[in-house]
Amino acid sequence: MNPAEQVVLVGGGHAAAAFVNSVRRAGYTGRLTLIGDEPVLPYHRPPLSKKYLAEGLPVEQILIRAPAWYGEQQVQLRLGAHVGRIDRAAQRVELDGGERVAYDRLVLATGARPRRLPAAVGGELPGVLQMRHLADADALAPYLRAGQRLVVVGGGYIGLEAAAVAATQGLQVTLVEAAPRILQRVAAAPTADFFRALHGAHGVRLIEGVAPVRLWADGGRAAGVELADGRRLPADVVLVGIGVEPDVGLAAEAGLAVDNGIAVDAFGQTSDPAILAAGDCTSFVYRGRRVRLESVQNANEQGAVAAHTVAGQPKAYAPLPWFWSDQYDCKLQIAGLNLGHDDALLRPGQTERSRSVWYYQGETLLAVDAINDAAAYVSAKKLLELGRSVPKAAVRDPGASFKDWLG
Ligand SMILES: Cc1cc2nc3c(=O)[nH]c(=O)nc-3n(C[C@H](O)[C@H](O)[C@H](O)COP(=O)(O)OP(=O)(O)OC[C@H]3O[C@@H](n4cnc5c(N)ncnc54)[C@H](O)[C@@H]3O)c2cc1C
């Protein structure tokens, strides 16, 4: 390996941190520069809508690695620096401000950006917040006081988690979901039913199947959300959680193949052999379909895959996706990917608050949502790793043991 080689990483999140760790472990001894536009070391993003917000943790407690680690890994850190362009012909990136950094290999780990409500309907008003970056969580924190009125637009996991934190702190919380039900895109009805009831029990008002049409202002700030049915929801603060778009701007402008994310192969290679990509910004082929995942598991593992490619020890990415969500004192753990399911079976758990939802395509198990049910999650993960499916009748029977299939 040529020690004069220069690898440049764009992005400072989970995928970037995982890349640094794995590339050094795999023996890459060349130069390594990480350019990230947030003015902070890579941090765990999931706590932003969970413990960081709920407990006001200091940022040091959510850093992925301690500051000294980056020195030990001999990484040149360029934080608070935004890459504005890739010059593929010259093999260099251009920072805002004009500085150029040359690369032999470039790794794009740019993540995803939250979708915004259009400015024309008030989406850019002061008091309308998102939840993606540390700065977003810090912007919401001052509103987390009893009596404040929060309207959350969007009933996906992030909106629901933020609603849970706010309700726990005594805010009056209303969550509006335009689709017929919360978690429509990501989970089957029994999972959504559980979380609807949970939020209701904590005083959150959930409005499903009604679109927000505009935000109105008072004194230059968002003061509420008007719904398609004419209802008006006054708010001290509005949080928009309507999903993300992969951050593919740099890649698309540079002419790389983009298909619902920067298209990568199983080794993290883009359509340019000198450029790799990892994490939320990518799409890749999983069980015959091109998919894009938004999860820590995917960012960490794709970061490691790209690192092995760069270090000359390629390892194909063969993920078993997993994900989690914490709301109040409930834990949801998801194993597998339910994409393409045609059946979702509810399996009662050992307690009233535990249950699992088993997703099938035909007779093939695809994924499981386990709610307060670690045993179901562990079984599901093992089954999916082994490529085995439990017969549906056994899933429906709470007394049935899965040991015959797990052994
Ligand atoms: C509030 C919240 C809660 C979540 N909860 C969970 C959870 O419970 N479980 C789970 O598995 N996943 C969760 N996720 C998703 C998970 O955090 C993401 O999948 C993960 O962060 C993806 O990592 P990444 O490195 O691909 O991208 P990111 O973590 O988004 O990092 C990308 C970084 O690159 C920077 N960047 C982008 N473009 C440029 C540029 N041109 N120049 C310089 N820097 C640039 C961005 O600012 C950002 O810092 C959550 C996400 C959020 C926002």
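Residues numbered from 1 in each chain as written. Predicted model: local features only at pLDDT ≥ 70, side-chain atom pairs only at ≥ 80, totals over all residues. Heavy atoms only, no water.

Draft legend 1. Just the overall build of the protein chain, in detail. A count of helical and extended segments in the protein chain gives eleven helices and 26 strands. Expected size for 407 residues packed as a compact globule is a radius of gyration near 22 Å; at 22 Å, the protein chain falls within 12% of this value. Over its C-alpha atoms, taken along the principal directions, the protein chain stretches across nearly 65 × 60 × 35 Å. By the burial criterion, 54% of the 407 residues in the protein chain qualify as buried. Within the protein chain, counting contacts between residues at least 6 apart in sequence, those at least 24 apart form 60% of the total. Total accessible area computed for the protein chain in this model is approximately 17,200 Å², and 51% of it derives from carbon and sulfur atoms. Across the protein chain, the 42 positively charged side chains and the 42 negatively charged ones have centroids separated by 2 Å. (Helix = DSSP H or I, 4+ residues; strand = E, 2+ residues; numbered from the N terminus. Rg over C-alpha atoms; globule rule 2.2 N^0.38 Å. Buried < 20%, exposed > 50% of the residue type's maximum accessible area, 1.4 Å probe, protein only. Contact = heavy atoms within 4.5 Å. Areas by Shrake-Rupley, 256 points an atom, 1.4 Å probe, with all protein chains shown as cover. Lys, Arg positive; Asp, Glu negative; His and termini not counted. Charge placed at Lys NZ, Arg CZ, Asp CG, Glu CD.)

Draft legend 2. Representation of the packing of aromatic side chains within the structure. This model, assessed by the stated rule, comprises seven aromatic pairs. Aromatic side chains W69 and Y70 sit 5.0 Å apart centroid to centroid with 90 degrees between the ring planes, which places their arrangement in the edge-to-face category. Given the relative accessible area of 9%, W69 is considered buried. Here Y70 falls in the buried class, since its relative accessible area comes to 1%. Here the aromatic residues Y157, W322, F323 and W324 are joined through ring pairs into a cluster of three or more. In this structure, R65 is placed above the aromatic ring of W69, and the distance from its NZ or CZ to the ring centre is 4.5 Å. In this arrangement the basic side chain of R232 is found over the ring face of W216, its NZ or CZ atom lying 3.9 Å from the centre. (Phe/Tyr/Trp six-rings, centres within 6.5 Å; stacked < 30°, edge-to-face > 60°. Lys NZ or Arg CZ within 6 Å of the ring centre and 35° of its normal.)

Draft legend 3. Representation of the site of the ligand in the model. Taken together, the neighbourhood of the ligand is formed by 35 residues, with D37, E38, R45, K50 and R132 sitting nearest. In this structure, an oxygen atom belonging to the ligand sits 2.7 Å away from a side-chain N or O atom of D280. The separation between an oxygen atom of the ligand and a polar main-chain atom of V296 is 3.0 Å. Calculation on the ligand without its partners gives an accessible area of 1,000 Å², and the protein chains cover 97% of this total. (Near = heavy atom within 4 Å. Polar contact = N/O pair within 3.5 Å; in protein donor to acceptor, adjacent residues only side chain to side chain.)

Draft legend 4. The arrangement of the pairing of strand β12 (residues 205-208) in detail. Direction of pairing for strand β11 (residues 172-177) relative to β12: parallel, over a ladder of four bridges. Considered in β12, the bridge of E177 is made with E208. Taking the sense of rotation as the criterion, the β-α-β connection linking β11, helix α6 (residues 189-201) and β12 turns out right-handed. (Pairing = 2+ DSSP bridges. Right-handed = clockwise from strand over helix to strand, strands pointing away.)

Draft legend 5. Fine view of the sheet that holds strand β2 (residues 31-36). Strand order in the open sheet made by the five strands is β3-β2-β1-β7-β19, with parallel pairing throughout. The two strands at the open ends of the sheet, each matched to only one other strand, are β3 (76-79) and β19 (275-277). Put simply, the sheet's adjacent strands are angled 15 degrees from each other on average, direction ignored. Relative to strand β7 (residues 105-108), strand β1 (residues 6-10) runs parallel, the two being bridged by four bridges. Considered in β7, the bridge of V8 is made with L106. Here helix α1 (residues 14-25) sits on the sheet in contact with β1, β2 and β7, set at roughly 175 degrees to β2. Contacts from helix α8 (residues 296-310) reach β1, β7 and β19 within the one sheet, and its direction differs from that of β19 by about 155 degrees. (Axes fitted to C-alpha atoms, helices over the stretch in contact; angles between N-to-C directions.)

Note that all results are geometric; they support no functional claim without further evidence.
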